[in-house]
Amino acid sequence: MSTLLAPNMTVEERGAGHIIVNMGPQHPSTHGVLRVVLELDGETVVRCVPHIGYLHTGIEKLSEYHNYIKNITHYCRMDYLSPMNNELAYCLAVEKLIGGEIPARASYIRVIMSELTRVISHMIWLGTHALDMGASSVFFYCATEREKIIELYEMIGGQRMMTSYIRVGGVKDDTPEGFEEGLEAWLGDFMPFMDMIEGLLNENPIWKERTQGVGVLDQDTVISYGLMGPLLRAAGVPQDVRRDEPYCRYEEFDFEVPVEYEGDVYARYRVRMRELRESHKIVAQGLQKLRETRGMPVMWASDEFAPPKRQDIYADIENLIHHFKYWTEGMKPPAGEAYASIESSKGELGFYVVSDGSAKPVRVKVRGPSFVNLAALGAMCEGHLIADVVAVIGSIDIVLGEVDR
Amino acid sequence: MSPELLTIIVRGGIFTLCLLTAFAYLTFIERRMLAFFTWRVGPNRVGPWGLFQPVADGVKTILKQEMVPMKADKVLYMMSPVIAFAACFGMFGLIPVGEGVWMSNVPVAVLLLLGLSSLGAYGLILAGWSSQSRYPFLGSLRTCAQVISYELALGLTLLVPVIITGSLSFNDIGNIYWGPHWNPLYLLVLLPAGLLFLVAACAETGRVPFDLPECEAEIVAGYHTEYSSMKYAMFPMGEYIAMTAFSAIAVHMFLGGYHLYIPSSIDLTQPWINISNWVGLLVDKIGLSGALAPPWGPPKWLVPEPYWASLSLSPAGLSTTLTFLAKMAILILTFMWVRATLPRMRYDQLMRFGWKLMLPVGLVLVFLTSVLVVFAPPAGSEAEDDYGSRPQPVVEVEDVYASR
């Protein structure tokens, strides 16, 4: 971009008869503090430049000052709508650095939780997307549905959002009592809910008119921008990390990768809706596997890289010292670097961790899908109307916490 | 001051009070309804069942700090909420709500109403223009385009019952509607015209799915972005009143006004039984006497004799008013239901819908109606029927003007 748009540009700098409008950082439908500067000809967007950095939290830099275990708590605050996805990707990277076998039960719990995370993230996406389009009721239905999963979150991780439940080497605790029943209840509720929402929107003429043919990106453009996740799959590229490079024993699960070919906002909507149904399928299989592995360990057997069991701490002094050192000094993975990526709700989420053998990482680089996907905003909006900008932002499904990190 | 003029003033006062209360409680009902549609509870904290919520809202709005943008055109900025509000309010001065319950019975009420509703749009347009800010400016542009496009369709749909009844006065249209002049063939044009009118009214009052001028997802709050405190509140107030007014018009035009008829048989050509005066029928049954005997009104020692008659309410007036309000309530609830269900249209789609669908359909309907009236004239009238042979208005409006 040669010149950035500014609201106080002179007539010569912008086109004659055009106005420059600042959309955000305080705007109802930029999903946080995204600022988009629009050059408008009437209602038509001539140029569209996203400005980011209003929610900069310095999480990547902070990671260099805290030890490997404490760092987990940062990442759930990054993409705060899918907390466990971030934890999982980071833990996978650190585990790659250390090397070692993750217990099956821990992997299954991780799969279940990351699918549930996809669902809550998509619930917020759908709710806000529909709200931007004026279908206000959908937002409340989605919030209600999300609440059920948030309760499961609270049950398993003790917190509604910032759980820090997934740890290096497994998960923090085994599933609590009542979790399987809660999961089963949710499995029963979810499909009727999906039918209701799709009944409201799928064939709704206004919804279709607003989304079809809007923000179209063809395969080549999508690939050249490096877009991931639903945006990529909506343009007809069947790529999914869960299937292509399975992690957490995803290869044991039976699911499809939904693909649509139109590349517009409606295709993204359809891809995400079908993904939700796939998530439901995966969670149902996960629950089965959870029942089969009842009582098995959820943390890898390692003296150095796993916290001692609580009953052992009270039993002997060595474990007490280990416990103390593990939590204060932190663990020290061998020097090296590792990259692990997962299919998060918004696309490929990658963590690149560099270690020098100390208890703190030298560098943690996050490949955030929101950030990458946001880059295509201009390409999708130019030539469309203001209303389409809102629809497109909704369809990208950005979380500014992850864009700025 | 003549009794008639004084009556109009007093009735105006009563109407204003009722409307302000109605507006306040419409917001409450709408919030409760939306909550019901979205599995929530809605406002239930202030007073019993949250009934004092509108009062609290009102107090809050009035006490809010008032801010005027520095560059705003002060005069227009102050004027425009008043224009928007007054025009919408004025609409109710022309609409009878029951037999004998009206502020004025103007022979050309329909025309005046269309004029007032267009005038209200000026308030919105000027509000956006005078704010000297970009989002309000976009909002006012949208209002401008939207009101112009949908007013055409609105007017055309209103023409359908006007052509059939040959009158522009609501009382006449309501009185003739199901009377001996009824011809079931009219349903062919009246039903689509009614539906079209509701859609156009939605657009005219800026409600979902046509709430583009103030849609918060795109242009923040549209034309009233820069308004605060009471000046802001006057816009939604006007909008709600306009919604009520358009529901009232729809009731008069397409739902048989304040009358209540039941068919005497399944056959639509058979005469209808008039039960408009159901309160009167009840009173007859019970046999009220003494102070309770109708007509009901203010105490006689308070109001002098010449005024009393025009300020009192007969059983017929009461029952028709209640019938009218019930019909209106159904329409208003429909508006709320639509708001909870539908997404919002896009600007260009709105224009296309207005010009390429609503307008042609409206024209075709008007044409069909004209043909129908010629070839299937109102039952009970001659084929070469002219407007002179139509039933006369129930109330002699000329008296009011003559006595001035």
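Remember, it's a predicted structure, so these values are computed and weren't measured experimentally.

(A) Here's a closer look at the confidence of the model for chain B. Residue and element names in this part refer to chain B. Scored by pLDDT, chain B comes out at a mean of 79, with 86% of its residues at no less than 70. Looking at the elements of chain B, mean pLDDT is at its lowest for helix α14 (residues 398–402), recorded as 44, and at its highest for helix α2 (residues 53–63), recorded as 88. Confidence drops under a pLDDT of 50 for residues 381–404, and excluding neighbours within four residues, the segment shows 23 contacts in the predicted structure. Here the complex is predicted with pTM 0.83, and the ipTM for its interfaces comes to 0.77.

(B) Geometry of the packing of helix α5 (residues 134–165) of chain B against helix α13 (residues 347–375) of chain B. Residue and element names in this part refer to chain B. Remark: α5 packs on α13, axes separated minimally by 9 Å, with the N-to-C direction vectors making an angle of 15°. One way to sum up the angle between α5 and α13 is to call them roughly parallel. Between α5 and α13 the crossing geometry is left-handed. Among the residues making up the contact of α5 with α13, the classes are represented as 21 nonpolar, six polar and one charged.

(C) Broad picture of the layout of surface pockets. In this model, the largest pocket occupies a volume close to 1,600 Å³. Around the largest pocket sit 49 residues that line it, and T27(B), Y232(B), P236(B), Y240(B) and R339(B) are the ones nearest its centre. Residue assignment for the lining of the largest pocket shows that the elements contributing at least two residues are α5 (136–157) of chain A together with α1 (3–37), α2 and α9 (229–254) of chain B. The greatest single-element share of the lining of the largest pocket, amounting to nine residues, is contributed by α1(B). The residue inventory of the lining of the largest pocket, partitioned by class, reads 24 nonpolar, twelve polar and 13 charged.

(D) Inspection of unusual backbone geometry at higher detail. Positive phi values are uncommon outside glycine, yet C248(A) reaches one of about 50°. Along the chain, the position of C248(A) falls in the loop between α10 (241–244) and α11 (265–292). A positive phi is found at S229(B), a non-glycine position, where the angle reads about 55°. Looking at the secondary structure, you find S229(B) in helix α9.

(E) Expanded view of a nonpolar patch on the surface. Residues and elements named next belong to chain B. Taken together, the side chains of W49, L51, F52, V55, V59, I62 and L63 define a hydrophobic patch exposed on the protein surface, amounting to about 760 Å² of accessible area. Position of L63 among the secondary structure elements: in helix α2. On the basis of relative accessible area, L63 is assigned to the exposed category, the value being 68%.

(F) Structural detail: the nonpolar core. Core analysis: the largest hydrophobic core is formed by 87 residues, its most contacted members being Y90(A), M113(A), L116(A), L126(A), W186(A), M331(A) and F351(A). Tallying contributions element by element places helix α4 (residues 104–132) of chain A first for this core, with 14 residues. With near-sequence residues (within four places) excluded, L116(A) lies in contact with I149(A), L152(A), L183(A), W186(A) and V283(A). If you look at the next biggest cluster of nonpolar residues, it comprises 80 residues, including L190(B), C202(B), M328(B) and L372(B).

(G) Local environment of the sheet that holds strand β8 (residues 363–367) of chain A. Residue and element names in this part refer to chain A. With antiparallel pairing, three strands are arranged side by side in an open sheet as β6-β7-β8. A strand with exactly one partner marks an edge of an open sheet, and here the two such strands are β6 (336–344) and β8. Across the sheet, the mean angle from the axis of one strand to that of its neighbour is 15°, orientation sign disregarded. Judged from the nine bridges that link them, β6 and strand β7 (residues 347–355) form a sheet pairing that is antiparallel. Each residue of the ladder has a partner; that of A338, found in β7, is V353.

(H) Seen up close, the pattern of salt bridges. Residues and elements named next belong to chain A. Considering all chains together, one arrives at 37 salt bridges over all chains under this definition. Taking the shortest distance from any N to any O, the salt bridge between E115 and R242 comes out at 3.1 Å. Here E115, found in helix α4, pairs with R242, found in helix α10; they are 127 residues apart in sequence, far enough to count as distant. Its salt-bridge partner being E203, residue K208 comes within 2.9 Å of it at the nearest N-O pair. Ionic contacts of the salt-bridge type, sharing partners, join the residues E115, R118, R233, D240, R242, E275 and E343 into one network.

(I) Region of the structure containing the interface of chain A and chain B. Contacts between the two partners involve 36 residues from chain A, matched on the other side by 26 residues from chain B. A combined buried area of about 2,700 Å² lies between chain A and chain B, and 60% of that area is made up of carbon and sulfur atoms. For chain A, the biggest contributors to the area lost against chain B are E43(A), I206(A) and E209(A); these three give 20% of the whole. At the boundary of chain A and chain B, one finds two salt bridges. Here R346(B) makes a salt bridge to D388(A), at a shortest N to O gap of 2.9 Å. Linking chain A to chain B there are ten residue pairs in polar contact (both at pLDDT 80 or more). Of all the elements in the fold, those that place two or more residues in the side of chain A that touches chain B are β1 (19–23), α4, α5, α6 (179–201), α7 (205–211) and α16 (386–396) of chain A. In terms of residue class, the side of chain A that touches chain B is built from 21 nonpolar, ten polar and five charged.

Here is what the cut-offs are and how they apply
- Residues numbered from 1 in each chain as written.
- Chains lettered and ligands numbered in written order.
- Predicted model: local features only at pLDDT ≥ 70, side-chain atom pairs only at ≥ 80, totals over all residues.
- Heavy atoms only, no water.
- pLDDT = per-residue confidence, 0-100.
- Helix = DSSP H or I, 4+ residues; strand = E, 2+ residues; numbered from the N terminus.
- Contact = heavy atoms within 4.5 Å.
- Axes fitted to C-alpha atoms, helices over the stretch in contact; angles between N-to-C directions.
- Parallel < 35°, antiparallel > 145°, perpendicular 65-115°, else oblique.
- Left-handed = near helix turned anticlockwise from the far one by under 90°.
- Nonpolar A, V, L, I, M, F, W, Y, C, P; charged D, E, K, R; others polar.
- 1 Å grid on protein atoms, 1.4 Å probe; cavity = no way out; pocket = protein on both sides within 12 Å on 5 of 7 lines; lining within 4 Å.
- Points joined across faces, edges and corners; volume = space filled by probe spheres on them.
- Patch = residues over 30% accessible without salt bridge, like charges linked within 9 Å, V, L, I, M, F, W, Y side chains within 5 Å.
- Areas by Shrake-Rupley, 256 points an atom, 1.4 Å probe, with all protein chains shown as cover.
- Salt bridge = Lys/Arg side-chain N within 4 Å of Asp/Glu carboxyl O.
- Buried < 20%, exposed > 50% of the residue type's maximum accessible area, 1.4 Å probe, protein only.
- Core = buried A, V, L, I, M, F, W, Y, C linked by side-chain atoms within 4.5 Å.
- Pairing = 2+ DSSP bridges.
- Buried area = accessible area lost by both parts, 1.4 Å probe.
- Polar contact = N/O pair within 3.5 Å; in protein donor to acceptor, adjacent residues only side chain to side chain.

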